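# Structural characterization, general
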Amino acid sequence: MVRTVPAPSELGIEVLRVAEGSPVELDLRLEAVMEGVLVTGTAQAKLVGECVRCLEPIDDDIVADLQELYVYDDIRHDHSDEDLDDETRKLEDDLLDLEPLLRDAVVLALPFQPLCQEDCPGLCIECGARLADDPDHSHDAAIDPRWAGLQALQPDHDQD
Ligand SMILES: [Zn+2]
Ligand SMILES: [Zn+2]
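Quick look at the structure, then. (Residues numbered from 1 in each chain as written. Chains lettered and ligands numbered in written order. Predicted model: local features only at pLDDT ≥ 70, side-chain atom pairs only at ≥ 80, totals over all residues. Heavy atoms only, no water.)

## A word on the coordination of the zinc ion (ligand 1)
The coordination sphere of the zinc ion (ligand 1), as far as protein atoms go, consists of Cys-51 (SG), Cys-54 (SG), Cys-116 (SG) and Cys-120 (SG), spread over 2.3 Å. Geometry at the zinc ion (ligand 1) is tetrahedral, judged from the four donor atoms that bind it and their angles of 107 to 115 degrees at the metal. Written as a sequence motif, the donor residues of the zinc ion (ligand 1) are C-x2-C-x61-C-x3-C. Here the residue Cys-54 occupies a position in the loop between strand S5 (36–50) and strand S6 (57–72), and Cys-120 occupies one in the loop between helix H1 (98–109) and helix H2 (145–151), the gap between them amounting to 66 residues. (Donors = N, O, S within 2.8 Å, 3.2 Å for Na, K, Ca; no water. Tetrahedral: all angles 85-135°; square planar, octahedral: opposite > 155°, others 65-115°. Helix = DSSP H or I, 4+ residues; strand = E, 2+ residues; numbered from the N terminus.)

## With respect to H1
In a regular helix each residue adds 1.5 Å, so twelve residues correspond to 16 Å; H1 covers 16 Å between its end C-alpha atoms and thus fits that length. Along H1, the residues classified as buried are Leu-98, Leu-101, Leu-102, Ala-105 and Val-106. Considered in projection along H1, the buried side chains sweep an arc of 125 degrees and stay on one side of the axis. Along its buried surface, H1 packs onto strand S2 (11–13), strand S3 (16–18), strand S4 (23–32), S5, S6 and strand S7 (89–91). Of the residues flanking the start of H1, the one acting as N-cap is Asp-97, its side-chain oxygen 3.3 Å from the backbone nitrogen of Glu-99. (Expected span 1.5 Å × (residues − 1). Buried < 20%, exposed > 50% of the residue type's maximum accessible area, 1.4 Å probe, protein only. Arc of directions from axis to C-beta. Contact = heavy atoms within 4.5 Å. Polar contact = N/O pair within 3.5 Å; in protein donor to acceptor, adjacent residues only side chain to side chain.)

## Quick look at the nonpolar core
Of all hydrophobic cores here, the largest spans 27 residues; its most connected members are Val-18, Val-24 and Leu-26. Within the residue set of this core, elements represented by two or more residues are S3, S4, S5, S6 and H1. Val-24 has contacts with Arg-3, Thr-4, Val-5, Ala-7, Leu-11, Val-18, Ala-43, Gln-44, Ala-45 and Leu-102, leaving out every residue within four places of it along the chain. (Core = buried A, V, L, I, M, F, W, Y, C linked by side-chain atoms within 4.5 Å.)

Right, dumping it as structure tokens:
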């Protein structure tokens, strides 16, 4: 079953997400099992976001693996409630609510720290220029950026 659905709002994380309404291609296999329906497959979508180091826009694709067992709601009659924790997804009126599954899978598949490129050098601490565009960038009498952080650790008033 291949189906394209519009992305729900806030799919992903703040810095990297699927734009609301953009197409999400679901390639799903539904398998009837004893307890319900086993859903496996993938979700594919386009990502938008910003590099966490230099704030450059990121265009990327995501392929998230989906796997979830949706149990029949009436299984409660046969099992004690302890068998079904809050994480258990249920079939309600024989409908699959795929949105929570999609949300979890997308967040899991995202990198924690999206970068425009591997080893993005980030922004110049002096002027904010994007160092990837200008690797030889320097300022007169600039503080070596590796020392700038240490300098901030020194007390301002250490002379009595
Ligand atoms: Zn970057
Ligand atoms: Zn600079």
